[in-house]
Amino acid sequence: MKKVIDLDQWNRKEHFEFFNGFDEPFFGITTTVDFTKGYQKIKDFGYPYFLFYLHKSLQAANAIEPFRYRIEENQVVVYDVIHASPTIGREDHTFGFSFLEYIKDFDRFVEMAKLEITEVQNSKGLRHIDSTKRMDTIHYSSIPWYNFTGLTHARHFEYKDSVPKISFGKYTKKHGEMILPIAVNVHHGLMDGYHLGEYLEEFQRLLND
């Protein structure tokens, strides 16, 4: 479900109109989160690495309202729930798009996600299909081979995109802590650095919980 935001009553009306006219309205940050406690949970309980921090990320994004804003037909809408559309790698070193429904219960989320991942890995091509093109998603990717300090995305500027993009890198051990790199790119007409910071704080809290 979604509802349209009344721009005339929205305190971000001028911010939205200003940044929505940019050729590149996205801004982003590349940083790290402390993955020490999350990593230990994964080791203790045998959780899948990627699905563990993906679920925490989705949970955090759903808790921060601007991450549920989208621009559709020149209107700003807010979704009740958002899901994930991550890239899934295959043995032949290609990848396909996927759709993973956000389910609050982690075990159930993993169960359903594994089915979708298997389907992607047994397919060919990008899988740029209706489910993976949904607006009520976040575009996720993972680069588990490198500990990055910066990241850019391919962008088609004629297509008015408003879906947040979150990427994870290779976690490494530093001064006794496990560090996970993360890059977050969002539409500046829909949120500012403050909201991005709220997401990162909530994501860190959930990893530690």
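Residues numbered from 1 in each chain as written. Predicted model: local features only at pLDDT ≥ 70, side-chain atom pairs only at ≥ 80, totals over all residues. Heavy atoms only, no water.

By the naming in an unreviewed UniProt entry, the chain goes by Chloramphenicol O-acetyltransferase type A and is assigned to Aquimarina spongiae.

**Examining the overall build of the chain**
Regarding its fold elements, the chain presents five helices and ten strands. Since a compact globule built from 209 residues should have a radius of gyration of about 17 Å, the 17 Å found for the chain is in line with a globular shape. Taken over 209 residues, the chain has a buried fraction of 48%. Put simply, 71% of the contacts in the chain that link residues at least 6 apart link residues at least 24 apart. Roughly 11,600 Å² of accessible area belongs to the chain as shown, and the carbon and sulfur atoms make up 51% of that amount. Averaging the coordinates of the 25 positive side-chain charges in the chain and doing the same for the 30 negative ones gives two points 5 Å apart. (Helix = DSSP H or I, 4+ residues; strand = E, 2+ residues; numbered from the N terminus. Rg over C-alpha atoms; globule rule 2.2 N^0.38 Å. Buried < 20%, exposed > 50% of the residue type's maximum accessible area, 1.4 Å probe, protein only. Contact = heavy atoms within 4.5 Å. Areas by Shrake-Rupley, 256 points an atom, 1.4 Å probe, with all protein chains shown as cover. Lys, Arg positive; Asp, Glu negative; His and termini not counted. Charge placed at Lys NZ, Arg CZ, Asp CG, Glu CD.)

**Details of the pattern of salt bridges**
For the structure shown, the criterion picks out ten salt bridges. With a closest N to O distance of 2.5 Å, R12 and D192 form a salt bridge. Of the two residues, R12 is situated in the loop between β1 (2-4) and α1 (13-20) and D192 in the loop between β10 (177-187) and α5 (193-208); the sequence distance between them amounts to 180 residues. Note on R12: relative accessible area 8%, which makes it buried. Salt-bridge contacts for E111 lead to R108; the nearest nitrogen and oxygen are separated by 3.2 Å. Of this pair, E111 and R108 are both found in helix α4 (residues 106-121), three residues apart, which corresponds to roughly one turn of the helix. Taking the relative accessible area as the measure of exposure, E111 reaches 45% and is therefore partly exposed. Taken together, the salt bridges that share partners define one network made up of E116, E119 and R127. (Salt bridge = Lys/Arg side-chain N within 4 Å of Asp/Glu carboxyl O.)

**Side note on the UniProt feature "active site" (unreviewed entry) in the chain**
Feature annotation in UniProt assigns "active site" (unreviewed entry) to the following positions: H188. The topology assignment puts H188 in the loop between β10 and α5. Excluding residues that lie within four positions of it along the chain, H188 makes contacts with R12, F19, P25 and F27. (UniProt positions renumbered as here; feature names shortened; annotations may be inferred.)

**So, unusual backbone geometry**
One non-glycine residue, E73, lies in positive phi territory at about 55°. Within the element layout of this structure, E73 appears in the loop between β3 (69-72) and β4 (75-79). Residue classification places E73 among the exposed positions, given a relative accessible area of 77%. One non-glycine residue, N74, lies in positive phi territory at about 65°. With respect to the helices and strands, N74 occurs in the loop between β3 and β4. With a relative accessible area of 66%, N74 lands in the exposed category.

**Structural notes on the environment of H156**
Mapped onto the elements of the fold, H156 is located in the loop between β7 (137-143) and β8 (165-169). Taking the C-alpha atoms as reference points, H156 and E24, separated by 132 residues in sequence, lie 9.6 Å from one another.

**Brief notes about the side chain of E72**
By the element assignment, E72 lies in strand β3. On the basis of relative accessibility, which here comes to 14%, the residue E72 falls in the buried class. A polar contact of 2.5 Å, which involves the side chain of E72, links it to the side chain of Y79. (Polar contact = N/O pair within 3.5 Å; in protein donor to acceptor, adjacent residues only side chain to side chain.)

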